[in-house]
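So you can see what is in the structure, the chains are spelled out below.
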Amino acid sequence: MLESSSHYDSIVLYANDYQQLVDDFWSHYKIVEAAGGVVYNEKDEALLIFRLDSWDLPKGKIDKGESREEAAVREVQEETGIQTLELGDFLTTSLHTYKNRKGKRVLKPTYWYRMTTKETDLTPQLEENIEKAEWRQLADFLDSKPFIYGSIRDILVTEIEQK
(Lines give C-alpha, C1' and ligand atoms only; values in the text may rest on other atoms or scores of the structure.)
Protein backbone atom coordinates (compact mmCIF):
# COMPACT_ATOMS: atom_id res chain seq x y z
CA MET A 1 0.00 0.00 0.00
CA LEU A 2 2.66 2.49 1.01
CA GLU A 3 4.82 1.82 -2.04
CA SER A 4 2.02 2.22 -4.56
CA SER A 5 0.15 5.22 -3.14
CA SER A 6 1.02 8.75 -2.18
CA HIS A 7 -2.15 8.98 -0.08
CA TYR A 8 -0.69 7.12 2.90
CA ASP A 9 2.39 7.75 4.98
CA SER A 10 1.92 4.97 7.52
CA ILE A 11 -0.14 1.92 8.37
CA VAL A 12 -0.96 0.19 11.63
CA LEU A 13 -0.94 -3.59 11.90
CA TYR A 14 -2.39 -5.73 14.67
CA ALA A 15 -1.54 -9.36 15.32
CA ASN A 16 -1.99 -11.99 18.00
CA ASP A 17 1.64 -13.06 17.58
CA TYR A 18 3.76 -9.91 17.50
CA GLN A 19 7.06 -11.71 16.88
CA GLN A 20 5.59 -13.58 13.92
CA LEU A 21 4.36 -10.29 12.48
CA VAL A 22 7.83 -8.76 12.84
CA ASP A 23 9.51 -11.82 11.32
CA ASP A 24 7.08 -11.83 8.38
CA PHE A 25 7.57 -8.11 7.76
CA TRP A 26 11.38 -8.26 7.91
CA SER A 27 11.45 -11.29 5.59
CA HIS A 28 10.39 -9.04 2.69
CA TYR A 29 13.55 -6.95 2.94
CA LYS A 30 17.29 -7.08 2.66
CA ILE A 31 18.55 -5.76 6.01
CA VAL A 32 21.27 -3.05 5.92
CA GLU A 33 22.26 -1.87 9.39
CA ALA A 34 23.52 1.67 9.94
CA ALA A 35 24.59 3.90 12.82
CA GLY A 36 24.86 7.61 13.39
CA GLY A 37 24.94 10.39 15.90
CA VAL A 38 23.31 13.45 17.33
CA VAL A 39 26.43 15.50 17.99
CA TYR A 40 26.56 18.53 20.30
CA ASN A 41 29.23 21.20 20.61
CA GLU A 42 30.11 23.21 23.71
CA LYS A 43 27.34 25.73 22.92
CA ASP A 44 24.79 22.87 23.00
CA GLU A 45 24.22 23.24 19.27
CA ALA A 46 23.49 20.08 17.29
CA LEU A 47 25.27 19.07 14.10
CA LEU A 48 23.01 18.79 11.05
CA ILE A 49 23.85 17.95 7.46
CA PHE A 50 22.07 18.81 4.23
CA ARG A 51 22.05 16.31 1.38
CA LEU A 52 19.74 15.41 -1.48
CA ASP A 53 17.37 18.32 -0.71
CA SER A 54 16.83 17.29 2.91
CA TRP A 55 18.28 18.02 6.34
CA ASP A 56 19.63 14.95 8.09
CA LEU A 57 21.94 13.62 10.78
CA PRO A 58 25.29 11.99 9.97
CA LYS A 59 24.93 8.23 9.63
CA GLY A 60 25.98 5.33 7.46
CA LYS A 61 26.29 1.60 6.99
CA ILE A 62 27.98 -0.57 9.59
CA ASP A 63 31.02 -2.30 8.11
CA LYS A 64 31.61 -6.02 8.61
CA GLY A 65 33.29 -6.64 11.97
CA GLU A 66 32.50 -3.14 13.21
CA SER A 67 30.39 -2.46 16.30
CA ARG A 68 27.41 -0.13 16.15
CA GLU A 69 29.26 2.39 18.31
CA GLU A 70 32.40 2.27 16.15
CA ALA A 71 30.32 2.76 13.00
CA ALA A 72 28.44 5.71 14.48
CA VAL A 73 31.67 7.51 15.37
CA ARG A 74 33.35 6.68 12.05
CA GLU A 75 30.37 7.86 10.00
CA VAL A 76 30.16 11.18 11.87
CA GLN A 77 33.88 11.67 11.33
CA GLU A 78 33.71 10.86 7.62
CA GLU A 79 30.60 12.89 6.84
CA THR A 80 31.48 16.02 8.83
CA GLY A 81 35.27 16.13 9.20
CA ILE A 82 35.12 16.12 13.00
CA GLN A 83 37.78 13.81 14.40
CA THR A 84 37.50 14.09 18.19
CA LEU A 85 34.18 12.76 19.41
CA GLU A 86 33.05 11.59 22.82
CA LEU A 87 30.51 8.79 22.47
CA GLY A 88 27.55 9.16 24.81
CA ASP A 89 24.33 7.26 25.40
CA PHE A 90 22.45 5.11 22.94
CA LEU A 91 19.35 7.09 21.94
CA THR A 92 17.07 4.99 19.77
CA THR A 93 16.75 2.87 16.65
CA SER A 94 14.97 4.24 13.59
CA LEU A 95 13.76 2.20 10.63
CA HIS A 96 13.27 3.25 7.04
CA THR A 97 12.80 1.45 3.78
CA TYR A 98 13.87 2.10 0.22
CA LYS A 99 14.56 0.25 -2.98
CA ASN A 100 18.16 -0.24 -4.03
CA ARG A 101 19.46 0.20 -7.58
CA LYS A 102 18.39 -3.33 -8.44
CA GLY A 103 14.83 -2.63 -7.25
CA LYS A 104 15.17 -4.83 -4.17
CA ARG A 105 13.48 -3.69 -0.98
CA VAL A 106 15.86 -2.66 1.80
CA LEU A 107 15.02 -2.17 5.49
CA LYS A 108 17.58 0.01 7.23
CA PRO A 109 17.66 -0.04 11.02
CA THR A 110 19.81 2.89 12.17
CA TYR A 111 21.21 2.93 15.70
CA TRP A 112 21.57 6.46 17.08
CA TYR A 113 24.00 7.70 19.75
CA ARG A 114 24.45 11.03 21.48
CA MET A 115 27.96 12.46 21.04
CA THR A 116 29.86 15.58 22.03
CA THR A 117 32.85 17.39 20.59
CA LYS A 118 34.91 20.51 21.23
CA GLU A 119 35.65 20.86 17.52
CA THR A 120 33.66 23.45 15.59
CA ASP A 121 35.06 23.39 12.04
CA LEU A 122 33.00 21.22 9.69
CA THR A 123 33.93 19.71 6.33
CA PRO A 124 30.95 18.16 4.52
CA GLN A 125 31.76 14.93 2.67
CA LEU A 126 30.99 15.91 -0.91
CA GLU A 127 31.37 12.31 -2.20
CA GLU A 128 28.30 11.45 -0.12
CA ASN A 129 26.35 14.38 -1.59
CA ILE A 130 26.56 16.36 1.64
CA GLU A 131 26.26 19.99 0.60
CA LYS A 132 26.32 21.58 4.06
CA ALA A 133 27.15 20.74 7.66
CA GLU A 134 25.99 23.24 10.27
CA TRP A 135 25.73 23.73 14.01
CA ARG A 136 22.16 24.68 14.96
CA GLN A 137 20.01 25.11 18.06
CA LEU A 138 17.48 22.31 17.66
CA ALA A 139 14.36 24.20 18.75
CA ASP A 140 15.09 27.13 16.42
CA PHE A 141 15.98 24.75 13.61
CA LEU A 142 12.72 22.82 13.88
CA ASP A 143 10.71 26.05 14.27
CA SER A 144 12.01 27.09 10.83
CA LYS A 145 10.05 24.13 9.36
CA PRO A 146 12.91 22.62 7.34
CA PHE A 147 12.39 19.68 5.01
CA ILE A 148 13.45 16.72 7.12
CA TYR A 149 12.26 13.12 7.14
CA GLY A 150 9.83 12.17 9.90
CA SER A 151 12.12 9.63 11.55
CA ILE A 152 14.89 12.25 11.87
CA ARG A 153 12.43 14.89 13.10
CA ASP A 154 11.21 12.44 15.78
CA ILE A 155 14.78 11.95 17.04
CA LEU A 156 15.36 15.72 17.23
CA VAL A 157 12.03 16.40 18.95
CA THR A 158 12.83 13.72 21.53
CA GLU A 159 16.23 15.34 22.11
CA ILE A 160 14.57 18.72 22.73
CA GLU A 161 12.07 17.15 25.14
CA GLN A 162 14.81 15.44 27.14
CA LYS A 163 16.82 18.62 27.67
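Residues numbered from 1 in each chain as written. Predicted model: local features only at pLDDT ≥ 70, side-chain atom pairs only at ≥ 80, totals over all residues. Heavy atoms only, no water.

**Let's talk about the overall build of the chain**
On a plain count of helices and strands, the chain comes out with four helices and eight strands. N-terminal to C-terminal, the α/β element order of the chain is α-β-β-β-β-β-α-β-β-β-α-α. Relative to a compact globule of 163 residues, whose C-alpha radius of gyration would be 15 Å, the chain shows 17 Å and is just as compact. Counting only C-alpha atoms, the chain reaches 50 × 40 × 30 Å along its principal axes. Within the chain, the fraction of its 163 residues that count as buried is 39%. (Helix = DSSP H or I, 4+ residues; strand = E, 2+ residues; numbered from the N terminus. Rg over C-alpha atoms; globule rule 2.2 N^0.38 Å. Buried < 20%, exposed > 50% of the residue type's maximum accessible area, 1.4 Å probe, protein only.)

**Things to note about the nonpolar core**
Counting 17 residues, the largest nonpolar core has Val39, Leu47, Leu85 and Met115 as the members making the most contacts within it. Only strand 2 (34–40), strand 3 (46–51), helix 2 (68–80), strand 7 (105–116) and strand 8 (130–136) provide two or more residues apiece to this core. Sorting elements by how many residues they give to this core places helix 2 first, with four residues. (Core = buried A, V, L, I, M, F, W, Y, C linked by side-chain atoms within 4.5 Å.)

**Description of the environment of lysine 30**
Within the fold, lysine 30 resides in strand 1 (residues 30–31). Under the relative-accessibility criterion, lysine 30 is labelled partly exposed at 42%. Distance from lysine 30 to isoleucine 155, taken between C-alpha atoms, is 24 Å for residues 125 residues apart in sequence. Those residues in contact with lysine 30 that lie beyond four places of it in its chain are Lys104, Arg105, Val106 and Leu107. (Contact = heavy atoms within 4.5 Å.)

**Side note on the packing of aromatic side chains**
Inspection of the entire model under this criterion finds five aromatic pairs. Judged by centre distance (5.4 Å) and plane angle (70°), the ring pair of phenylalanine 90 and tyrosine 113 falls under edge-to-face. In this pair, phenylalanine 90 is assigned in strand 6 (residues 86–99) and tyrosine 113 in strand 7, connecting sequence segments 23 residues apart. Classification of phenylalanine 90 by relative accessible area gives partly exposed; the value is 43%. A residue is classified by how much of its surface remains accessible, and tyrosine 113, at 5% relative accessible area, is buried. With a centroid separation of 5.5 Å and 70° between ring planes, the pair formed by phenylalanine 147 and tyrosine 149 is classed as edge-to-face. Clustering of aromatic rings is evident, with ring pairs tying together Phe50, Trp55 and Phe141. Lying over the aromatic face of phenylalanine 50, lysine 132 brings its terminal NZ or CZ to 5.1 Å of the ring centre. When the ring centre of tryptophan 55 is taken as origin, the NZ or CZ atom of arginine 136, which lies over that ring, is 5.8 Å away. (Phe/Tyr/Trp six-rings, centres within 6.5 Å; stacked < 30°, edge-to-face > 60°. Lys NZ or Arg CZ within 6 Å of the ring centre and 35° of its normal.)

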